[in-house]
Amino acid sequence: INAEYMGDNVTTMLLVVPVTIRLCKVLDLEPQFLLIAEVVFSNIGGTATPIGDPPNVIIFTSKKIKPYGVSFMEFTVHMALGIVFCLVTSVPLMRQLIRRQLAEAEHRNSRVAALKHEIKTWTKVCRRLADDEQKQVKEMLQLKVAQLREELMRVSADGTTAGPP
């Protein structure tokens, strides 16, 4: 997200963080890594320009710098090497952190979906078993459904917001 045009990086974070948290809730993700990435890249973007960070504003408007006639673009060009270095080191690290989190969330969600499907299937089968001779099979299936529900609760408690099947 590059929202630096809205102001400095603090303002950007104040506007973007609530949206990120809401999206993470909808997507059933933990927002920590995404928020860390947003803060890091907002700081990198803010450092690139004279108006992106409060210290840069102070430096750019300093009486000691004004006589040299440093323009907005010259300031940005002088900051470019440091910004490129920060981007080259930060992007792979943030990608790795976020990719790992997405893979874990996908695995959890697929396991929860599989458990819900299995519970639904066995519950349907149990409802159809009504005869006395099928009572033992029905009891076994009900036990299986109870075990699956326990596992679903355990998996759900590990980080998803899945509800009952």
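Counting restarts for each chain: residues are numbered from 1 in the order of the written sequence. Local features in this predicted model are restricted to residues of pLDDT 70 or higher, and side-chain atom pairs are both shown and tallied only at a pLDDT of 80 or more, whereas totals for entire chains, interfaces and linings draw on every residue. Side-chain metrics rest on all non-hydrogen atoms present in the structure, leaving aside hydrogens and water.

Undergrad: Help me understand the nonpolar core in this model?
TA: Looking at soluble globular proteins, one finds that nonpolar side chains tend to be buried together. Take the buried Ala, Val, Leu, Ile, Met, Phe, Trp, Tyr and Cys residues and link them wherever side-chain atoms come within 4.5 Å; each set so joined is a nonpolar core. Exposure classes here rest on a 1.4 Å probe applied to the protein chains alone. A residue is buried below 20% of its type maximum, exposed above 50%, and partly exposed in between. If you look at the biggest cluster of nonpolar residues, it comprises seven residues: V112, L115, I119, V145, L148, L152 and V155. Helix and strand assignments follow DSSP, with helices taken as H or I runs no shorter than four residues and strands as E runs no shorter than two, numbered in order from the N terminus. Elements that contribute at least two residues to this core include exactly α4 (72–128) and α5 (135–157). The element contributing the most residues to this core is α5, with four residues. Those residues in contact with V145 that lie beyond four places of it in its chain are I119, W122 and T123. Only heavy atoms matter for contacts: two residues are in contact if any of them lie within 4.5 Å across the pair.

Undergrad: In this structure, what is going on with the pattern of salt bridges? I would like to understand it.
TA: Note on definitions: salt bridges are taken to be side-chain nitrogens of Lys or Arg within 4 Å of carboxyl oxygens of Asp or Glu. Counted according to the given criterion, the structure contains one salt bridge. Residue E118 is joined to K144 by a salt bridge in which the shortest nitrogen-to-oxygen separation is 4.0 Å. In this pair, E118 is assigned in helix α4 and K144 in helix α5, connecting sequence segments 26 residues apart. With a relative accessible area of 27%, E118 lands in the partly exposed category. Classification of K144 by relative accessible area gives partly exposed; the value is 33%.

Undergrad: Quick question: what am I supposed to make of a nonpolar patch on the surface here?
TA: Within this analysis, patches are made of residues with over 30% relative accessible area and no salt bridge. Like charges are joined at 9 Å or less; nonpolar side chains (Val, Leu, Ile, Met, Phe, Trp, Tyr) at 5 Å or less. Computed with the Shrake-Rupley method and a 1.4 Å probe, the accessible areas treat only the protein chains shown as cover for residues. Together, V19, L23, V26 and L27 make up an exposed nonpolar region whose accessible area comes to about 380 Å². Secondary-structure assignment places V26 in helix α1 (residues 9–27).

Undergrad: Which parts of the structure should I look at to understand the packing of aromatic side chains?
TA: Any two aromatic rings considered together are summarised by their centre-to-centre distance and by the angle between their planes. Between the rings of Phe, Tyr and Trp (Trp by its six-membered ring), a pair exists once the centres lie within 6.5 Å; its type follows the angle of the planes, with under 30 degrees stacked, over 60 edge-to-face, and the other angles tilted. Following the criterion strictly, the structure yields one aromatic pair and no others. On the basis of an interplanar angle of 80° and a centroid distance of 5.8 Å, the ring pair of F60 and F75 is categorised as edge-to-face. Taken together, the residues F60 in helix α3 (residues 54–60) and F75 in helix α4 connect sequence positions 15 residues apart. Among the residues examined, F60 registers a relative accessible area of 23% and is labelled partly exposed. Classification of F75 by relative accessible area gives buried; the value is 8%.

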